[in-house]
Every structure is written in C-alpha cells, then in structure tokens.
Amino acid sequence: MAKNQRNAKAPISPKQIEASITLVEKASQPFVGGPVFTKTDRLHHLKMKRGAHQIIPMIASLASKYGVVVPDLSPDEMRSSLQQAQAIESLLGTVAVLHQTLKDTYLSHNADAWKAATVTYAMLTSASRAKESLAQELVPVKEWFRYRSPKSKEASAATVKGKRAAKPASVSTVNDVTKVAPIPVEPKADVALANGMTAAHAVS
C-alpha cells in the first residue's frame, strides 16, 4: 500500500501536464458548441424518469407503426437522442474517474506543501529570536499569517457572542444565604428564669 502511494505521488513534469491538457482539449473538440447550462438551468431542466431507456424504444416503435408523429419530435429523432445520451454516459464515467483522481492528487500535494511550510515556519520563527536578519526577512510572512479577512473576523465575533449568550448566569451564594429565613431560638435567660421559678415552687 505504501509503495502504491509513493508511486501515485511521484512528481509530474510540466511536459506531462501540457501533454495531458492537449489530449483533453482534443477530446473536447466534438462537444464544442454544445449546450452550456447554469446551475439553475440544471436544476429545472427536464429529467428522464428511471427506466425510461427501456420504454422510449417501445414508444418510438409504436409511433412509427401507427403513424403518430409529433412536429419536430419524430420517432427517428427520439431514437437518435437516446443513442447519443447512452454513448455520452459511458464517457461521463471515464471522465468522472479522471476528474476525481486529479482532485485527490491536487489535494494531496497541496497538503504536503502546507504541512512542510507550517512546520518550517515555526522553526524559522524560533530561530529568528536569535538572528536579527532572519527576523527582519520573516516580517512579511508573519504579517501574512496574522491577516484575517473581514468575513473571518465576523465569524469569530459571532462565535464568541454565541458562547457568551449560551453561558448560564452565575448564582451568588451570598444572596442565597440571605434569602434563608433564620430559625427562632428561645433566649437562655427565659429558660433560666423558668427553671428558677420551678425550683422555688418545689421548695415552698
């Protein structure tokens, strides 16, 4: 597995990239001038129902047999459009695999570069404390790392605000103590007086 990963991440020369671009452009030539849809167009465009590939030929055959022809939508055009769609479908699968492979390779190389850059930057920052010339040359890099876009600042501020709002209010223990009613205690003097009176009666 490790060997395959090393081979997959082998350096790709600029000539290989240029050759690949040329091949893709050449393969795209038959489709130049085709429809170009926006995201909204794709969302609202008429979609074929699942299983229609088997039903459309039957509809076309019945229309030809009984002479039913829709203007600009003849049975022959129906069959031709279906065949074109099926042929392109096989090409879509191949292109999708290539597209995903390119995206994964792109992501992997970017991750490697960023990991090496951040670790090296940390080491340079540490070394710059003892070398003034390095510290000066590192200033633009530090400024780049410190920069935060307005959207990022707004998101951070909203997060902090949300955490503060969610934090429960603190309860004062002093207030809780003052709210508790004191338990009444009988004075000791009254108790002593009552005991004395009882003793006097006993003597008399």
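Residues numbered from 1 in each chain as written. Predicted model: local features only at pLDDT ≥ 70, side-chain atom pairs only at ≥ 80, totals over all residues. Heavy atoms only, no water.

**Overview of the overall build of the protein chain**
The helix and strand tally for the protein chain stands at 10 helices and 0 strands. When the helices and strands of the protein chain are placed in sequence order, the string is α-α-α-α-α-α-α-α-α-α. By residue count, 5% of the 204 residues in the protein chain fall in the buried class. Sequence-distant contacts in the protein chain: of pairs separated by 6 or more residues, those separated by 24 or more amount to 36%. For the protein chain, the accessible area works out to roughly 18600 Å², and carbon and sulfur atoms hold 64% of it. (Helix = DSSP H or I, 4+ residues; strand = E, 2+ residues; numbered from the N terminus. Buried < 20%, exposed > 50% of the residue type's maximum accessible area, 1.4 Å probe, protein only. Contact = heavy atoms within 4.5 Å. Areas by Shrake-Rupley, 256 points an atom, 1.4 Å probe, with all protein chains shown as cover.)

**Describing helix α5 (residues 75–128)**
Three- or four-residue spacings in an α-helix give side chains the same orientation, since the helix completes a turn every 3.6 residues. Look at α5: 77 Å from first C-alpha to last across 54 residues, which is about the 80 Å you get at 1.5 Å a residue. Within the span of α5, buried status applies to Pro-75, Leu-82, Tyr-121, Thr-125 and Ser-128. The inward-facing, buried residues of α5 abut α4 (52–66), α6 (132–137) and α7 (139–146). (Expected span 1.5 Å × (residues − 1).)

**Considerations on the packing of aromatic side chains**
Scanning the model with the defined rule gives 4 aromatic pairs in all. Taking 6.0 Å as the distance between ring centres and 20° as the angle between the ring planes, the aromatic pair formed by Trp-114 and Phe-145 counts as stacked. Residue Trp-114 is located in helix α5, and its partner Phe-145 is located in helix α7; the two are separated by 31 residues in the primary sequence. An angle of 10° between the planes, with centres 4.2 Å apart, marks the rings of Tyr-121 and Phe-145 as stacked. (Phe/Tyr/Trp six-rings, centres within 6.5 Å; stacked < 30°, edge-to-face > 60°.)

**Things to note about a nonpolar patch on the surface**
On the surface, Phe-31, Ile-88, Leu-91, Leu-92 and Val-95 cluster together into a nonpolar patch covering about 430 Å² of accessible area. Secondary-structure assignment places Val-95 in helix α5. (Patch = residues over 30% accessible without salt bridge, like charges linked within 9 Å, V, L, I, M, F, W, Y side chains within 5 Å. Salt bridge = Lys/Arg side-chain N within 4 Å of Asp/Glu carboxyl O.)

**A look at the pattern of salt bridges**
Evaluated as defined, the whole model comprises 1 salt bridge. Here Arg-79 ties to Asp-76 by a salt bridge, and the two come within 3.1 Å at their closest N and O atoms. Separated by 3 residues within a single helix, Arg-79 and Asp-76 lie in helix α5, roughly one turn from each other. Take Arg-79: its relative accessible area is 27%, and that puts it in the partly exposed class. The class for Asp-76 is exposed, based on a relative accessible area of 56%.

**Some details on unusual backbone geometry**
Not every positive phi belongs to a glycine, and Asp-72 is a case in point at roughly 65°. One can find Asp-72 in the loop between α4 and α5. Judged by relative accessible area, Asp-72 falls into the exposed class, the value being 72%.

**Overview of the side chain of Ser-128**
By the secondary structure assignment, Ser-128 is in helix α5. Assessed through its relative accessible area of 7%, Ser-128 is described here as buried.

**Examining the packing of α5 against α7**
Interhelical geometry of α5 versus α7 gives an angle of 125° and a closest axis separation of 11 Å. Judged by the angle between their axes, α5 and α7 are oblique. Crossing geometry of α5 relative to α7 is assigned as left-handed. On α7, the residues that touch Trp-114, Tyr-121, Thr-125 and Ser-128 of α5 are Val-141, Lys-142, Trp-144 and Phe-145. When its residues are assigned to classes, the contact of α5 with α7 shows 5 nonpolar, 2 polar and 1 charged. (Axes fitted to C-alpha atoms, helices over the stretch in contact; angles between N-to-C directions. Parallel < 35°, antiparallel > 145°, perpendicular 65-115°, else oblique. Left-handed = near helix turned anticlockwise from the far one by under 90°. Nonpolar A, V, L, I, M, F, W, Y, C, P; charged D, E, K, R; others polar.)

**Section: the packing of α4 against α5**
Helix-helix packing is characterised by the crossing angle of the two axes and by the distance between the axes. Their axes nearest at 9 Å, the elements α4 and α5 cross at an angle of 160°. If you check the angle between α4 and α5, you find them roughly antiparallel. Every pair of crossing elements has a handedness; the one defined by α4 and α5 is left-handed. Two secondary-structure elements touch here, α4 through His-53, Ile-56, Pro-57, Ile-59, Ala-60, Ser-61, Ala-63 and Ser-64 and α5 through Pro-75, Met-78, Arg-79, Leu-82, Gln-86 and Glu-89.

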